[in-house]
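Listed below are the residues making up each chain.
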Amino acid sequence: QVQLVESGGGLVQSGGSLRLSCAASGRTFSNSAMGWFRQAPGKDREFVAAISWSGGSTYYADSLKGRFTISGDNAKNTVYLQMNSLKPEDTAIYYCAAASRDAGLGLRNRYWYNYWGQGTQVTVSS
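Being a predicted model, the structure only gives us computed values, none of them experimental. (Residues numbered from 1 in each chain as written. Predicted model: local features only at pLDDT ≥ 70, side-chain atom pairs only at ≥ 80, totals over all residues. Heavy atoms only, no water.)

S.K.: Would you explain the nonpolar core in this entry?
M.R.: Taken as a class, soluble globular proteins show a tendency for nonpolar side chains to be buried jointly. Met34, Trp36, Leu81, Met83 and Tyr94 are the most contacted members of the largest nonpolar core, which has 38 residues in total. For this core, the element with the most residues is strand E9 (residues 92-99), which contributes 6 residues. The residues touching Met34, leaving out its near neighbours within four places in the chain, are Leu4, Cys22, Ala24, Ala50, Ile51, Trp53, Ile70, Val79, Cys96, Ala97, Ala98 and Tyr113. (Core = buried A, V, L, I, M, F, W, Y, C linked by side-chain atoms within 4.5 Å. Buried < 20%, exposed > 50% of the residue type's maximum accessible area, 1.4 Å probe, protein only. Helix = DSSP H or I, 4+ residues; strand = E, 2+ residues; numbered from the N terminus. Contact = heavy atoms within 4.5 Å.)

Right, here's the structure in full:
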């Protein structure tokens with residue numbers, strides 16, 4: 001089992017920034033990649049960003065590339081999401097996820113992930 005705990009969410013004004021963290025514990029040796037997804041009320045869970053532990057490759061949703069940056073500290077089993085220039089439409093619950101295999105571009109698909117955190121709320125006011 002792998003446990004994922006997100007932190008760093010909160011209320012921020014439009015144009016502001018937040019930095020989310022996701023700490024993994026348990027059988028973290030099995031994690032090949034980690035990612036961030038988000039889900040707004042009434043909408044499906046959508047891909048935000050992902051990172052491969054082995055090569056450090058990163059992947060982003062096209063609409064978010066340039067504003068959001070994913071990074072990780074393998075030794076700490078922690079992944080981060082730096083969110084800049086936030087917009088009201090970024091308001092959602094943000095979920096951290098871990099995958100046991102690196103699927104490359106397949107990491108954009110939420111069904112590739114084995115474990116999920118509880119989510120952290122991000123609210124951007126206009």
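S.K.: Would you explain the state of the cysteines in this entry?
M.R.: By definition, a disulfide links the sulfur atoms of two cysteine residues through a covalent bond. Applying the stated criterion across every chain yields a total of 1 disulfide. In this model Cys22 forms its disulfide with Cys96; the gap between the sulfur atoms is 2.0 Å. In this structure, the disulfide formed by Cys22 and Cys96 twists by about -85 degrees around the S-S bond and is classed as left-handed. Residue Cys22 is located in strand E3 (residues 18-26), and its partner Cys96 is located in strand E9; the two are separated by 74 residues in the primary sequence. Cys96 shares its class with Cys22; the two are buried. (Disulfide = S-S within 2.5 Å.)

S.K.: Even after reading the chapter, I still don't get the side chain of Arg67, so can you show me in this structure?
M.R.: Its place among the elements puts Arg67 in the loop between strand E6 (58-60) and strand E7 (68-73). Of note is the side chain of Arg67, whose polar atom sits 3.0 Å from the backbone oxygen of Ser85. Among all residues touching Arg67, those that are not within four sequence positions of it are Gln82, Met83, Asn84, Ser85, Leu86, Lys87 and Asp90. (Polar contact = N/O pair within 3.5 Å; in protein donor to acceptor, adjacent residues only side chain to side chain.)

S.K.: Hey, could you run me through the packing of aromatic side chains in this one?
M.R.: Ring pairs (aromatic) are described by centroid distance and by the angle formed between their planes. Scanning the model with the defined rule gives 4 aromatic pairs in all. With centroids separated by 5.1 Å and ring planes inclined at 80 degrees, the aromatic side chains of Phe37 and Tyr113 adopt a geometry described as edge-to-face. One end of the pair, Phe37, is in strand E4 (residues 33-39); the other, Tyr113, is in the loop between E9 and strand E10 (115-116), and 76 residues separate them in sequence. Take Phe37: its relative accessible area is 1%, and that puts it in the buried class. By the ring-pair criterion, three or more aromatic residues cluster together here, those being Phe37, Phe47, Tyr113 and Trp116. Here the basic side chain of Arg45 rests over the ring of Tyr95, its NZ or CZ set 3.7 Å away from the ring centre. (Phe/Tyr/Trp six-rings, centres within 6.5 Å; stacked < 30°, edge-to-face > 60°. Lys NZ or Arg CZ within 6 Å of the ring centre and 35° of its normal.)

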